[in-house]
Amino acid sequence: MARPDPADVARVTCVGAGVIGGGWAAHFLARGYDVTVWDPAPDAEPRLRRLVEAAWPALTQLGLAPGADPARLKVAPTLEEACAEAEFVQESAPEKLELKRDLLARLDAATPPGVVVASSTSGYPMTDMQTTAADPGRLVVGHPFNPPYLIPLVEVVGGERTDPEAVAWAARFYEAAGKSVLTMDRELPGFVANRLQEALWREALHMVANGEATVRDIDASITEGPGLRWAFMGPCLTFALAGGEGGMAHMLDHFGESLKSPWTRLEAPELDRKLYDGMVDGCAEAAAGRSHADLVAERDQGVIDVLRATGRLPEPPRRSAG
Ligand SMILES: NC(=O)c1ccc[n+]([C@@H]2O[C@H](COP(=O)([O-])OP(=O)(O)OC[C@H]3O[C@@H](n4cnc5c(N)ncnc54)[C@H](O)[C@@H]3O)[C@@H](O)[C@H]2O)c1
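Re the overall build of the protein
(1) Moving on: What the protein contains, in helices and strands, is 13 helices and 8 strands.
(2) Moving on: Each principal axis of the C-alpha atoms in the protein carries an extent, and together these give about 55 × 45 × 45 Å.
(3) Moving on: Residue burial in the protein is summarised as follows: out of 322 residues, 32% are buried.
(4) Moving on: Contacts in the protein between residues far apart in sequence, at least 24 positions, make up 70% of those at least 6 positions apart.

A closer look at the environment of G22
(1) Moving on: Mapped onto the elements of the fold, G22 is located in helix α1 (residues 19-30).
(2) Moving on: For G22, a count of 28 C-beta atoms within 10 Å gives the class buried.
(3) Moving on: Sequence spacing of G22 and N210 is 188 residues, and the spatial spacing of their C-alpha atoms is 36 Å.
(4) Moving on: Once residues within four sequence positions are removed from consideration, G22 is found in contact with A17, R47, L48, L51 and V52.

Digging into the domain arrangement of the protein
(1) Moving on: Domain boundaries in the protein define domain 1 (6-183) and domain 2 (193-289).
(2) Moving on: For domain 1 and domain 2, the distance between their C-alpha centres works out to 31 Å.

Quick look at the nonpolar core
(1) Moving on: A25, L29, V140 and A170 are the most contacted members of the largest nonpolar core, which totals 61 residues.
(2) Moving on: With sequence-adjacent residues up to four places away left out, A170 is seen in contact with V116, A118, V140, G142 and V156.

Details of the site of the ligand
(1) Moving on: Neighbouring the ligand are 24 residues; G16, G18, I20, A41 and S122 lie closest to it.
(2) Moving on: Contributions of two or more residues to the shell around the ligand are made by α1 and α4 (97-110).
(3) Moving on: Here the element with the most residues in the shell around the ligand is α1; it accounts for 3 residues.
(4) Moving on: Tallied by class, residues from the shell around the ligand come to 13 nonpolar, 9 polar and 2 charged.

Concerning helix α7 (residues 193-209)
(1) Moving on: Its 17 residues give α7 an end-to-end C-alpha distance of 24 Å, which sits within 8% of 24 Å, the value for a rise of 1.5 Å per residue.
(2) Moving on: Where α7 terminates, the next one or two residues include G211, which has phi positive at roughly 65°.

What about α1?
For an α-helix the count is 3.6 residues per turn, leaving residues at separations of three or four pointing the same way.
(1) Moving on: With 12 residues, α1 ought to run about 16 Å at 1.5 Å a step, and its terminal C-alpha atoms sit 17 Å apart, in line with that.
(2) Moving on: Burial of α1 is extensive: 11 of the 12 residues sit out of reach of the surface.
(3) Moving on: By the burial criterion, the buried members of α1 are I20, G21, G22, G23, W24, A25, A26, H27, F28, L29 and A30.
(4) Moving on: At its buried positions, α1 is contacted by β1 (11-15), β2 (34-38), α2 (44-62), β3 (73-75) and β4 (88-91).

Some thoughts on the sheet that holds β1
(1) Moving on: In space, the 8 strands of this open sheet follow the order β3-β2-β1-β4-β5-β6-β7-β8, with mixed pairing throughout. Every interior strand has two partners, whereas the edge strands, β3 and β8 (180-183), have only one. For this sheet, the mean inter-axis angle between neighbouring strands, taken without regard to orientation, is 25°.
(2) Moving on: Against the sheet, α1 contacts β1, β2, β3 and β4, and its axis sits at roughly 165° relative to β1.

Focus: the packing of helix α8 (residues 215-223) against helix α12 (residues 273-287)
(1) Moving on: Interaxial distance between α8 and α12 falls to 8 Å at its minimum, and their mutual angle equals 65°. In this structure, α8 uses V215, R216 and D219 to contact α12, whose residues at the interface are M279, G282, C283, E285 and A286.
(2) Moving on: Of the residues assigned to the contact of α8 with α12, the class counts are 4 nonpolar, 1 polar and 3 charged.

What about the pairing of β8?
Residues in a regular strand point their side chains to alternate faces of the sheet.
(1) Moving on: Pairing between strand β7 (residues 153-158) and β8: 4 bridges, direction parallel. Across the sheet, residue V154 finds its bridge partner in β8, namely V181.
(2) Moving on: The β-α-β motif built from β7, the intervening helix α6 (residues 164-176) and the parallel element β8 has right-handed crossover chirality.

Calculation rules
Residues numbered from 1 in each chain as written. Predicted model: local features only at pLDDT ≥ 70, side-chain atom pairs only at ≥ 80, totals over all residues. Helix = DSSP H or I, 4+ residues; strand = E, 2+ residues; numbered from the N terminus. Buried ≥ 20, exposed ≤ 12 C-beta atoms within 10 Å, placed from the backbone. Contact = placed C-beta atoms within 7 Å. Domains from an automatic or database assignment. Core = buried A, V, L, I, M, F, W, Y, C linked by C-beta atoms within 7 Å. Near = placed C-beta within 6 Å. Nonpolar A, V, L, I, M, F, W, Y, C, P; charged D, E, K, R; others polar. Expected span 1.5 Å × (residues − 1). Pairing = 2+ DSSP bridges. Axes fitted to C-alpha atoms, helices over the stretch in contact; angles between N-to-C directions. Right-handed = clockwise from strand over helix to strand, strands pointing away.

Set out below in structure tokens:
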């Protein structure tokens, strides 16, 4: 069993280096870890380096750990080499069940015994992914939000065959790595936050499919409306305030009956060509000439400003990891 103390981890491996794996790599680099990455795509390394470079100004504003340096990013030629000395592995490969199953079994075989391997999956229960691994006990879900280098939340949960100690270890590790951890004691489809996001996302797709609202209207309805409250107070306490001095009890007495009104259409709409084009063209229109890099920079600055304004800028790490 080569599981170090969570606060002593120095070497982290990220497998899959797309939007999320690359974001994790940027986060761990900024917190002073040595980061090794493996991704089978031929263009993965330049993509990853572009992502880390684009994230670094935001990470610098947040406060880098002593010794944090993008030069401590290593790209390994094989999965086995990437994992050989890992003290923690974060898997962020495409969201396909068979692929995750095989990959987690390979990661388990290649990683020193006992070291925790976490999956970034957005929705698969670990129980369904850990079926072929020799040591399923060390496999956990560590579900991040995009970008993992700025959004603090990680949802941590094990599968039926996960050792609860591995779940507890992962939670302590993520905390040591500067994340806000929500540990779940059971597997929920979509975990907590994605379940909530999915409800909004489905409604947005219905409204575009039916021509009821544009992409721009939908986005503005959140950024100019409830999104401002949600950055510091969740939907439940926010609604308790909507009940005035009577709080949640008054809110439920007042609006309880309308809970059943058919405002929502929670079944997903058919993703036909018209809806597909409506979403893609609507997003291009909403971007109003801003490039992907412009939007990433705008989002990163926005998140930092919100964290600062609500007194939640993370404490900069005082020492290098390890
Ligand atoms: N995009 C999000 O907002 C988001 C948020 C939270 C969690 N996630 C989860 O993170 C994971 C990755 O999603 P993403 O959005 O970064 O996808 P992505 O398509 O941006 O990146 C996937 C990366 O995996 C690589 N890859 C392909 N086959 C692989 C294999 N066999 N082994 C290792 N790597 C492989 C690809 O080359 C690519 O670089 C998924 O499980 C997804 O559900 C995504």
